[in-house]
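So the chains spell out like this:
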Amino acid sequence: MHTLAEVADYLGLSFSGDADRELAGLASLANAGPSHLSFLRDEQHLEQLSATRAGAVIVAPRWREHCPADCLLSNDPHLSFALASALFDDTPLAFPGIHSAASVDEAASVHEQAVVAAGAVIEAGATIAEGAQVGAGVYIGHNSTVGPFTRLYPQVVVYHGVSIGERCIVHAGAVLGADGFGYAQAEDGWQKIHQLGGLRIGDGVEIGAGTTVDRGALDDTVIEDGVVIDNQVQIGHNCRIGRNTAIAGCVGVAGSAVIGANCTLAGGVGVVGHVQICDGVHVTGMTMVTRSINEPGSYSSGTPMSATRDWKRNAVRFNQLDAMHRRVEKIAAREDAEPVAGSDKAARRGRKET
Amino acid sequence: MHTLAEVADYLGLSFSGDADRELAGLASLANAGPSHLSFLRDEQHLEQLSATRAGAVIVAPRWREHCPADCLLSNDPHLSFALASALFDDTPLAFPGIHSAASVDEAASVHEQAVVAAGAVIEAGATIAEGAQVGAGVYIGHNSTVGPFTRLYPQVVVYHGVSIGERCIVHAGAVLGADGFGYAQAEDGWQKIHQLGGLRIGDGVEIGAGTTVDRGALDDTVIEDGVVIDNQVQIGHNCRIGRNTAIAGCVGVAGSAVIGANCTLAGGVGVVGHVQICDGVHVTGMTMVTRSINEPGSYSSGTPMSATRDWKRNAVRFNQLDAMHRRVEKIAAREDAEPVAGSDKAARRGRKET
Amino acid sequence: MHTLAEVADYLGLSFSGDADRELAGLASLANAGPSHLSFLRDEQHLEQLSATRAGAVIVAPRWREHCPADCLLSNDPHLSFALASALFDDTPLAFPGIHSAASVDEAASVHEQAVVAAGAVIEAGATIAEGAQVGAGVYIGHNSTVGPFTRLYPQVVVYHGVSIGERCIVHAGAVLGADGFGYAQAEDGWQKIHQLGGLRIGDGVEIGAGTTVDRGALDDTVIEDGVVIDNQVQIGHNCRIGRNTAIAGCVGVAGSAVIGANCTLAGGVGVVGHVQICDGVHVTGMTMVTRSINEPGSYSSGTPMSATRDWKRNAVRFNQLDAMHRRVEKIAAREDAEPVAGSDKAARRGRKET
């Protein structure tokens with residue numbers, strides 16, 4: 001419970017209304033009641049603003065007069081709301097110290113202000129910094145480091161030789177530093193290439209539940225500062241993910257791919273190995289990135305969804321596309337028309353790109 | 001080991017044959033021997049029925065005379081077989097009680113007829129109901145509840161403030177209630193939006209191994225009664241999955257999607273955020289659901305598989321489709337034919353839908 | 001640290017140069033220094049070879065004279081390098097024995113030369129063979145077996161009745177033998193089909209982090225010898241994966257699919273249930289395998305990536321493909337031309353295959 005004045009102070013915003021109003025939590029404009037703080041994200045929700053029962057609303061100054069409740073004035077209400085969410089977060093805190101049911105090697109170093117929960121296992125040479133939280137059942141391999149104020153939720157597995165920066169969050173079941181998928185072909189099957197590199201994770205990184213990031217084959221896999229990664233993402237060995245890039249759920253990035261800063265990969269995207277993606281690239285959902293991208297912008301692949309009956313009719317024609325194309329070109333030629341855009345030359349070029 | 005009469009009694013079916021016949025297990029018609037119970041799913045397997053060595057077979061009354069073995073008569077042999085599978089399930093049982101190597105907070109409530117296995121960690125305020133089984137290494141966060149006769153396999157992680165109904169099954173490594181993927185853009189990167197909602201899971205829900213279901217941002221994520229979810233599925237924050245909907249492996253559902261009752265999503269489907277899918281929708285494998293669906297029925301996207309050489313030739317033409325379409329329309333116009341179905345107007349409409 | 005002569009001896013190769021040269025590790029040609037061993041994979045890297053600062057390089061005899069450093073001569077430098085990676089692997093070893101914080105049922109059998117780490121739980125009837133390593137927090141269900149020299153990394157879950165062969169590696173968080181996804185439709189929802197089969201994993205198999213392989217419904221799911229599987233792969237119940245087949249990250253294989261030997265499935269591939277894939281099939285990234293494959297070779301589906309603006313224009317035409325095709329055929333007919341390749345007959349055939 002915080003008063004309006006306290007919230008305004010925490011967010012560094014001016015306000016109008018009852019300074020002593022008690023705010024118990026956050027809610028959307030539509031669901032908020034008198035003890036809730038809400039926010040107006042954009043003009044599209046103005047009608048909801050007029051009708052809201054919220055006790056207080058974060059609004060941009062220009063929408064102030066539409067607000068029926070107490071106001072917090074922000075030039076970026078969405079960002080202010082995000083900051084407010086930290087204030088109202090009631091995720092239970094753990095007390096510093098090593099739980100009696102944890103197994104910490106005597107050659108590991110655990111800061112006295114760190115938390116090591118029940119069932120956690122910390123190997124020799126590992127370092128757990130000040131304010132770090134090692135959740136229940138977490139495994140920290142030999143010589144790995146967990147930076148200050150980083151939180152590892154239960155069952156996270158950190159292999160040996162992995163470094164995690166400060167203020168990171170790693171959600172349950174994530175696996176950091178497992179072997180990359182590397183083999184040489186021998187006569188009688190696959191010969192494993194032992195993965196001798198490590199994994200370096202910068203500061204302020206968040207990694208989702210069940211996500212896996214492999215160690216490098218020779219050099220380290222690198223996740224730069226500020227990267228945010230959703231659940232069930234797979235990052236292969238030797239990848240580098242640039243600063244502040246955001247990767248949504250179920251994305252797979254194959255080995256040795258290098259992704260720039262400030263990129264976004266939407267859900268289910270696949271990136272093939274060894275490609276380079278420059279800064280500022282956005283890839284739409286379930287796209288397969290099959291080549292390097294050198295220009296910022298948005299990229300896509302796939303086909304639109306339709307009723308299965310219609311889809312089948314069209315999908316079967318996909319397998320006749322080249323024949324159809326050549327037929328059209330032939331007709332066009334006969335008509336003495338200029339050739340179809342996307343001529344054979346373009347096709348040859350395109351073919352290389354697929 | 002059960003006699004034919006016992007099985008018939010358990011399933012509520014009439015039978016013909018040797019009441020004392022001992023049945024040791026279930027098998028397919030092709031693989032069954034004299035101590036096995038099998039079933040005839042449909043007419044297509046009639047030949048297998050004639051040749052089966054099974055001791056007894058569940059059949060529909062109309063196929064009775066084709067059965068060379070003892071018969072159990074059912075109007076729905078597949079369903080009867082499913083029920084029989086429970087009778088023959090020999091998955092080892094655990095004894096009620098709290099294992100000495102479990103860590104249960106003294107402010108947690110564990111029913112005396114519940115099981116808490118070795119290595120499990122249960123936080124303050126959590127409730128484990130009668131007959132519930134908390135497997136080895138499972139983590140139950142603060143104030144979460146596990147309903148009666150619900151079974152959590154090893155290493156499941158339940159965050160704080162999650163409620164799970166009765167008779168649910170959650171397979172190993174599933175993570176329930178991790179933070180949704182929510183950020184506001186700040187000048188120097190992503191500002192986390194703390195996820196303050198919870199997660200509510202109904203009764204009779206089954207959740208597969210390695211599946212992740214996120215907690216809500218403000219309100220709860222909801223999985224309704226009878227939903228079945230396969231392995232490695234990702235359900236984003238604020239989603240609602242309707243009663244008895246079935247979701248196959250590797251599906252990703254982005255945040256705030258609402259899926260109706262009695263839907264089926266086949267393997268690898270992706271659903272973008274904030275869409276609504278009505279009851280009774282079926283989505284075929286690896287389809288990307290890019291918009292709301294208001295009509296029951298089957299939906300698809302993607303292209304058919306072919307030999308890579310052929311595929312490359314056709315795929316490159318995909319990138320020339322619009323040019324080809326315009327060319328065809330031009331030729332058609334010159335021929336004074338009616339314009340091609342799917343004119344520019346339709347295209348503009350379609351474009352909005354992609 | 002190994003001398004050049006030691007490395008040559010270990011790899012069974014002849015060498016030229018300083019037999020006593022100390023080699024501390026492996027590195028790529030570009031990154032290597034004087035204490036590193038590197039290798040020349042193919043002709044394309046000859047320039048890097050000339051410029052390398054590596055202390056020693058594994059090269060094919062025909063490139064020997066281009067090598068500015070000491071040489072190890074191999075007819076397959078990539079394979080020799082893979083073998084060398086084992087020699088330089090410094091992954092920390094564990095000491096045989098059962099950790100005091102492990103929970104081993106007295107009716108389980110653990111070889112005295114096996115490792116059972118802290119937090120591991122081993123149920124009655126389970127067998128852990130000589131040299132096997134059961135990592136921290138691993139769960140081994142009733143009557144399951146872990147073969148000689150097999151390593152299970154932390155948090156692996158092995159359900160009951162699973163057998164794992166010798167010299168396997170299973171990475172953290174993998175789940176072996178969870179229930180397959182099987183239900184019969186009842187009036188009021190889904191009736192679970194209890195999964196009574198087991199899971200058999202051969203020798204020399206590697207399974208990635210977070211990968212799930214389900215037990216069979218009636219018979220066993222089978223992974224044959226030498227199969228390598230990357231992270232976050234899902235293999236459904238009753239599947240059989242043939243010898244030495246390689247499956248990259250994020251692949252999903254639906255139930256009862258049978259995949260031959262020496263196949264490769266690239267990242268993100270989906271295989272529908274009940275299909276059969278013969279030996280020697282290669283499937284490119286994110287392809288959906290919708291039917292059985294009877295001819296070795298490479299197979300694909302999907303569309304090429306392009307800028308989203310271009311993609312939208314072409315994607316909308318996908319939904320008009322059949323109309324366009326019929327239009328083109330009509331024009332062609334009018335011109336008295338032979339009908340377009342991929343006539344309606346072909347389309348009907350194709351339709352069945354999608």
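Residues numbered from 1 in each chain as written. Chains lettered and ligands numbered in written order. Predicted model: local features only at pLDDT ≥ 70, side-chain atom pairs only at ≥ 80, totals over all residues.

## Considering the relation of the copies chain A and chain B
Turning to step 1, where the next piece is worked out: It takes a turn of 120° to lay chain A on chain B, together with a shift of 0.0 Å along the axis; the resulting RMSD is 0.0 Å. Within this description, the copies of the chain are treated as partners about a three-fold rotation axis. (Least-squares fit on C-alpha atoms with pLDDT ≥ 70 in both.)

## A look at the confidence of the model for chain A
One rule of thumb: low pLDDT means the predicted coordinates there are not for detailed reading.
All names here are of chain A.
Turning to step 1, where the next piece is worked out: Of all residues in chain A, 95% have pLDDT values of 70 or greater, and the mean over the chain is 94.
Turning to step 2, where the next piece is worked out: Counting contacts from residues 345-354, a segment whose pLDDT is below 50, to residues more than four positions away or on other chains yields 15 contacts.
Turning to step 3, where the next piece is worked out: Here the predicted complex scores 0.94 on pTM and 0.93 on ipTM. (pLDDT = per-residue confidence, 0-100. Contact = placed C-beta atoms within 7 Å.)

## Describing the pairing of strand β21 (residues 175-178) of chain C
Residues and elements named next belong to chain C.
Turning to step 1, where the next piece is worked out: Here 2 bridges tie strand β18 (residues 157-158) to β21, and the two strands are oriented parallel to one another. Note on β21: the bridge partner recorded for V157 is V175.
Turning to step 2, where the next piece is worked out: Pairing of β21 with strand β26 (residues 212-214) involves 3 bridges; the strand directions are parallel. Following the sheet pairing, A178 is matched in β26 by D214. (Pairing = 2+ DSSP bridges. Helix = DSSP H or I, 4+ residues; strand = E, 2+ residues; numbered from the N terminus.)

## Some details on the interface of chain A and chain B
Turning to step 1, where the next piece is worked out: Opposite the 72 residues of chain A that make contact, chain B presents 66 residues.
Turning to step 2, where the next piece is worked out: Listed by contribution, the elements that provide at least two residues to the side of chain A that touches chain B are β4 (25-26), α3 (77-87), β40 (306-307), α4 (308-318), α5 (321-334) and α6 (344-353) of chain A.
Turning to step 3, where the next piece is worked out: Considering only residue class, the side of chain A that touches chain B consists of 35 nonpolar, 31 polar and 6 charged. (Nonpolar A, V, L, I, M, F, W, Y, C, P; charged D, E, K, R; others polar.)

## Concerning the interface of chain B and chain C
Turning to step 1, where the next piece is worked out: Tallying the contact residues gives 71 residues for chain B and 67 residues for chain C.
Turning to step 2, where the next piece is worked out: Looking at the side of chain B that touches chain C, the elements that each hand over two or more residues are β4 (25-26), α3 (77-87), β40 (306-307), α4 (308-318), α5 (321-334) and α6 (344-353) of chain B.

## Observations regarding helix α1 (residues 4-11) of chain A
All names here are of chain A.
Turning to step 1, where the next piece is worked out: Inspection of α1 places L4, V7 and A8 among the buried residues, and these make up the whole buried set. Projected onto a plane normal to the axis of α1, the buried residues spread over an arc of 100° and lie on a single side.
Turning to step 2, where the next piece is worked out: One or two positions beyond α1, positive phi appears at G12, with a value near 70°. (Buried ≥ 20, exposed ≤ 12 C-beta atoms within 10 Å, placed from the backbone. Arc of directions from axis to C-beta.)

## Quick look at the packing of α4 of chain A against helix α5 (residues 321-334) of chain C
The axes of two packed helices give the description: the angle between them and the distance between them.
Turning to step 1, where the next piece is worked out: Here α4 of chain A crosses α5 of chain C at 60°, and the two axes come no closer than 7 Å. By the angle class used here, α4 of chain A and α5 of chain C are oblique. Counted together, R313, N314, R317 and F318 of chain A of α4 of chain A and L321, D322 and H325 of chain C of α5 of chain C form the full contact between these two elements.
Turning to step 2, where the next piece is worked out: Of the residues in the contact of α4 of chain A with α5 of chain C, the class split is 2 nonpolar, 2 polar and 3 charged. (Axes fitted to C-alpha atoms, helices over the stretch in contact; angles between N-to-C directions. Parallel < 35°, antiparallel > 145°, perpendicular 65-115°, else oblique.)

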